Amino acid sequence: MTQFWNSINPFPGQHSTFASNVDAIFYFTFWLSAFFFVAIVGFMIYFVVKYRRIEGQEPETSPSHNTTIEVAWSVIPGFLVLGIFWWGFTGYVDMRSPPSEAYEVNVIASMWQWQFKYPTGAIAKELHIPVKTPVKLIMQSKDVLHSLYIPSFRTKQDVVPGRYSGMWFEATDVGVYNLFCAEYCGQKHSDMITKVVVHPVTAEDATDEVKETFDAWMEVAADPLKGPGGVVIPLEEAGKNIVEIFQCAQCHSIDGSKKVGPSFKGNFGKEVEIAGQGKVLMDENYIRESILEPTAKIRLGYEPKMPSFKGQMKDEWIDAVIAYIKSIQ
């Protein structure tokens, strides 16, 4: 039944426990409004034609009051409005009341990326969750107002600077779905897009699109210095993984081209111009300071937009990022 509805529904497919109720309220309100629009316009046209002015015919005496009709057109719409309100209110309360056993994921929004942190210490640029499991997002913004929106789940919540906001949902199907920022947040707002990867809980439920179980993905994600099976990988390769996790390429190119921030390529081991401080050597200490205290030394020609990753990026991860930057010179 769900597959059939998804095939005829103009909206993205329904893939959460909330989606069908949200769509049902929308379509009920839409078709109810359409019915009364057609009925009112139809009766208006009928009466305009029936009671049009005819040459030589005087107006008939018309009633000035009808209690039955006046009660009907007040009470019936009133009950309809109360019914829609109750339907929407109970759905809203359900969406705002996460179960106590929900799996918690911390979300950090910043211009123009999403970062998802898990209880195991894993950090990812995409939201990975297990199927048919309640998931609670605890969200915060590091700069401006953002809004996390997953169309296939019919769920959306603003992420406000200086406070925590939350939402929860339960994905019903294994798959990969879009996740957008739905609040204009600056120059590259349209690039603030990522994915929700819904993993199977058991290998038997894996699909061609998502082959890893949630536990298998978590085993690798919890330590970016290791690959599948817990095998230690080369430091520069681990650094590349960490750069992708933290989405550094949103602002720093690896081919020498200029973006929001200076390129990773072609500067290590050379002197670079710092605004108001003259030239300094771009070495290991410079990179580490730029990651932890990005406003300490601002490259000439760039604005101080980079957030600090202090408390997010471990020392050994910074070592890996430095190794990666060295490897692409």
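The structure displayed is predicted, hence computed values, not measured ones.

1. A short note on the layout of surface pockets
Computed from the structure, the largest pocket encloses a volume of approximately 410 Å³. Lining the largest pocket are 17 residues, and of these His128, Trp217, Val220, Ala221 and Ile245 lie nearest its centre. For the lining of the largest pocket, the elements supplying multiple residues, two or more each, are β3 (123-124), α4 (214-221) and α5 (235-245). Residue composition of the lining of the largest pocket, grouped by class: eight nonpolar, three polar and six charged. Split by domain, the lining of the largest pocket shows at least three residues from each of two domains, domain 2 (103-222) and domain 3 (233-327).

2. What to know about the UniProt feature "domain: Cytochrome c" (unreviewed entry) in the protein chain
Taken from the UniProt record, the annotation "domain: Cytochrome c" (unreviewed entry) applies to residues 234-329. The span residues 234-329 carries 34% helix and 8% strand; its end-to-end C-alpha distance comes to 17 Å.

3. Here's the deal with the nonpolar core
Counting residues in each nonpolar core, the largest one holds 35 residues, and the members touching the most others are Trp114, Tyr118, Leu127, Leu137, Leu148 and Phe169. In terms of residues, this core owes the most to one element, α4, which gives four residues. Excluding residues within four positions of it along the chain, Leu127 makes contact with Val105, Phe116, Tyr118, Leu137, Phe169, Leu179, Lys195, Val196 and Val197. Core analysis: the second largest hydrophobic core is formed by 29 residues, Ile123, Leu225, Ile242 and Met282 among them.

4. Quick look at empty space enclosed by the protein
Applying the stated criterion across every chain, the model contains two cavities of 30 Å³ or more. Within this model, the largest cavity holds a volume of roughly 610 Å³. What lines the largest cavity is a set of 34 residues, and nearest its centre among them are His252, Gly261, Pro262, Ser290 and Met306. Mapped onto the lining of the largest cavity, the elements with two or more residues apiece are α6 (284-292) and α7 (315-327). Here the element with the most residues in the lining of the largest cavity is α6; it accounts for four residues. For the lining of the largest cavity, the residue count by class is 22 nonpolar, eight polar and four charged. Counting residues domain by domain, the lining of the largest cavity receives three or more from each of domain 2 (103-222) and domain 3 (233-327). Size it by volume and the second largest cavity reaches roughly 50 Å³. As for the second largest cavity, its lining consists of Ile108, Ser110, Gln113, Gln115, Lys142, Pro307, Phe309 and Gln312. Elements represented by at least two residues in the lining of the second largest cavity include exactly β1 (103-110) and β2 (113-117).

5. Looking at the packing of α5 against α7
Contact pair α5 / α7: the axes reach a minimum separation of 7 Å and the direction vectors enclose 105 degrees. One finds that α5 runs roughly perpendicular with respect to α7. Here α5 contributes Leu235, Glu236, Ala238, Gly239, Lys240, Ile242 and Val243 to the contact with α7, which in turn contributes Trp317, Asp319, Ala320, Val321, Ala323, Tyr324 and Ser327. When its residues are assigned to classes, the contact of α5 with α7 shows nine nonpolar, two polar and three charged.

6. Focus on the pairing of β1
Bridge count between β1 and strand β5 (residues 134-141): seven bridges; the pairing is parallel. Along β5, the bridge assignment pairs Asn106 with Ile138. As paired strands, β1 and β2 are joined by five bridges and run antiparallel to one another. Across the sheet, the residue bridging to Ile108 is Gln115, located in β2. With antiparallel pairing between neighbouring strands as the criterion, β1 and β2 make up a hairpin whose turn holds two residues.

7. Regarding the pattern of salt bridges
Going through the model one piece at a time under the given rule, you end up with six salt bridges. In this structure, Lys297 engages Glu289 in a salt bridge whose closest nitrogen and oxygen atoms are separated by 2.7 Å. Lys297 sits in the partly exposed class, given a relative accessible area of 24%. Put simply, Glu293 and Lys310 hold a salt bridge, and the shortest N to O gap is 3.9 Å. Taken as a pair, Glu293 in the loop between α6 and α7 and Lys310 in the loop between α6 and α7 lie far apart in primary sequence, 17 residues in all. Using a relative accessible area of 54% as the deciding quantity, one classes Lys310 as exposed.

8. Topic: the sheet that holds β2
Sheet architecture is open: five strands sit in the order β3-β2-β1-β5-β8, paired in mixed fashion. Bordering the open sheet on either side are β3 and β8 (165-170), each of which pairs with just one other strand.

Cut-off values and rules
- Residues numbered from 1 in each chain as written.
- Predicted model: local features only at pLDDT ≥ 70, side-chain atom pairs only at ≥ 80, totals over all residues.
- Heavy atoms only, no water.
- 1 Å grid on protein atoms, 1.4 Å probe; cavity = no way out; pocket = protein on both sides within 12 Å on 5 of 7 lines; lining within 4 Å.
- Points joined across faces, edges and corners; volume = space filled by probe spheres on them.
- Helix = DSSP H or I, 4+ residues; strand = E, 2+ residues; numbered from the N terminus.
- Nonpolar A, V, L, I, M, F, W, Y, C, P; charged D, E, K, R; others polar.
- Domains from an automatic or database assignment.
- UniProt positions renumbered as here; feature names shortened; annotations may be inferred.
- Core = buried A, V, L, I, M, F, W, Y, C linked by side-chain atoms within 4.5 Å.
- Buried < 20%, exposed > 50% of the residue type's maximum accessible area, 1.4 Å probe, protein only.
- Contact = heavy atoms within 4.5 Å.
- Axes fitted to C-alpha atoms, helices over the stretch in contact; angles between N-to-C directions.
- Parallel < 35°, antiparallel > 145°, perpendicular 65-115°, else oblique.
- Pairing = 2+ DSSP bridges.
- Salt bridge = Lys/Arg side-chain N within 4 Å of Asp/Glu carboxyl O.

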